Amino acid sequence: MTKIMKFFKDALTLPKGMAVPFKYMFQKTATVQYPEERKNITERFRGLLINDVPKCIVCELCAKACPVQCIKIQKIRGDDKKFIAHQFDIDITTCLFCGLCTEACPTRSLSMEGGYEGSVYQKEELVAHFVVQQSETEFMVYSKEEGWIPYIRAKELASIEEEKKKAAAPPKPAASTPNPSSQTEIPKEK
Ligand code: SF4
Ligand code: SF4
């Protein structure tokens, strides 16, 4: 008797097991036929790092915040005495994608919006350059809006950004002038 019971019990495991894939057979497929199809990435997705150089003030806070020191920055003084990036490289081979550098960036020029397609054939290509020297005096820098641009254009964009910030800043409260009549009189000594 127990053998018959066991037989039926075991036989039931087959339809039970098949019920699981059967349930998903009629549901909408979640598979994406990459690379023909691509999923939309969410707004806060941590992708590859990009630096919008016109916004970068070369403060090096990102490099200091990086736990593996994979950000290399070199700066020089421009004609207007402000620092400009001479080198801004991120070594993706050692990057942890922790996002600490983006959190440290005061101007939000550094972000993780570079997507997820970073495969290359050579390991050396995994160093992302955001400033490229073309000649002794000419640099090309990366801008999120305009792509690779000469440094002069980056300066223009930086000053536009500065103007926008000034315009958006709340007006400073006017310094109150003391009213002489409201001042407390110092009692004269008798
Ligand atoms: S994401 Fe993390 S590891 Fe990568 S560069 Fe930024 S701080 Fe460094
Ligand atoms: S923290 Fe931001 S502004 Fe400062 S050097 Fe890094 S990317 Fe540039």
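Structural data are supplied above this passage.
Residues numbered from 1 in each chain as written. Chains lettered and ligands numbered in written order. Predicted model: local features only at pLDDT ≥ 70, side-chain atom pairs only at ≥ 80, totals over all residues.

1. Examining the overall build of the protein
Then step 1. Summing up its helical and strand segments, the protein has four helices and eight strands in all.
Then step 2. Ordered by position from the N terminus, the helices and strands of the protein form the series α-β-α-β-β-α-β-β-β-β-β-α.
Then step 3. The C-alpha atoms of the protein give 31 Å as radius of gyration, which overshoots the globular expectation for 190 residues (16 Å, by more than 25%).
Then step 4. In terms of overall dimensions, the protein has a C-alpha envelope of 120 × 70 × 30 Å along the principal axes.
Then step 5. For the protein, the proportion of its 190 residues judged to be buried stands at 16%.
Then step 6. Contacts in the protein between residues at least 24 apart in sequence constitute 64% of all its contacts with a sequence separation of at least 6. (Helix = DSSP H or I, 4+ residues; strand = E, 2+ residues; numbered from the N terminus. Rg over C-alpha atoms; globule rule 2.2 N^0.38 Å. Buried ≥ 20, exposed ≤ 12 C-beta atoms within 10 Å, placed from the backbone. Contact = placed C-beta atoms within 7 Å.)

2. Brief notes about the pairing of strand β7 (residues 139-143)
Then step 1. With respect to burial, β7 is a largely interior element, four of its five residues being buried.
Then step 2. Where strand β6 (residues 131-133) meets β7, three bridges bridge the pair, whose relative direction is antiparallel. Within the sheet, the bridge partner assigned to Val132 lies in β7 and is Met140.
Then step 3. Once β6 ends, the chain turns through five residues before running back antiparallel as β7. (Pairing = 2+ DSSP bridges.)

3. Quick word on the site of ligand 1
Then step 1. Residues in contact with ligand 1 amount to 15 residues; listed here are only the nearest, Cys66, Cys95, Leu96, Cys98 and Cys101.
Then step 2. Across the shell around ligand 1, the residue classes tally to 14 nonpolar, one polar and no charged. (Near = placed C-beta within 6 Å. Nonpolar A, V, L, I, M, F, W, Y, C, P; charged D, E, K, R; others polar.)

4. Looking at helix α1 (residues 2-25)
Then step 1. Relative to the 34 Å expected for 24 residues at 1.5 Å per residue, α1 spans 36 Å between its end C-alpha atoms, a close match to the ideal helical length.
Then step 2. The sharpest bend along α1 reaches about 30° and sits at Ala19, with the proline Pro21 one to four residues further on.
Then step 3. Of all 24 residues making up α1, only zero are buried, and the element is barely covered by its neighbours. (Expected span 1.5 Å × (residues − 1). Bend = angle between axes of the 7 residues up to and from the residue.)

5. Let's talk about the site of ligand 2
Then step 1. Around ligand 2 sit 14 residues, and of these Cys56, Cys59, Cys62, Cys105 and Leu110 come closest.
Then step 2. Its residues assigned to classes, the shell around ligand 2 comprises 10 nonpolar, three polar and one charged.

6. Some thoughts on the sheet that holds strand β8 (residues 147-150)
Then step 1. Read from one edge of the open sheet, three strands run β6-β7-β8, paired in antiparallel fashion. Both edges of this open sheet fall to β6 and β8, since each of them pairs with a single strand only. Looking at each pair of strands side by side, their axes are set apart by 25° on average, direction ignored.
Then step 2. Both β7 and β8 contribute to a ladder of four bridges, which runs antiparallel. Paired with Met140 across the two strands is Pro150, which belongs to β8. (Axes fitted to C-alpha atoms, helices over the stretch in contact; angles between N-to-C directions.)

7. Notes on helix α4 (residues 151-168)
Then step 1. With 18 residues, α4 should reach 26 Å at 1.5 Å per residue; the first-to-last C-alpha distance of 26 Å fits that figure.
Then step 2. By the burial criterion, the buried members of α4 are Tyr151, Ala154 and Ala158. Angular distribution of buried residues about the axis of α4 spans 50°; they occupy a single face of the element. For α4, the exposed residues set more than 90 degrees away from the buried face come down to Ile152, Ser159, Ile160, Glu163, Lys164 and Ala167. (Arc of directions from axis to C-beta.)

All quantities given are derived from atomic positions and should not be read as evidence of function.
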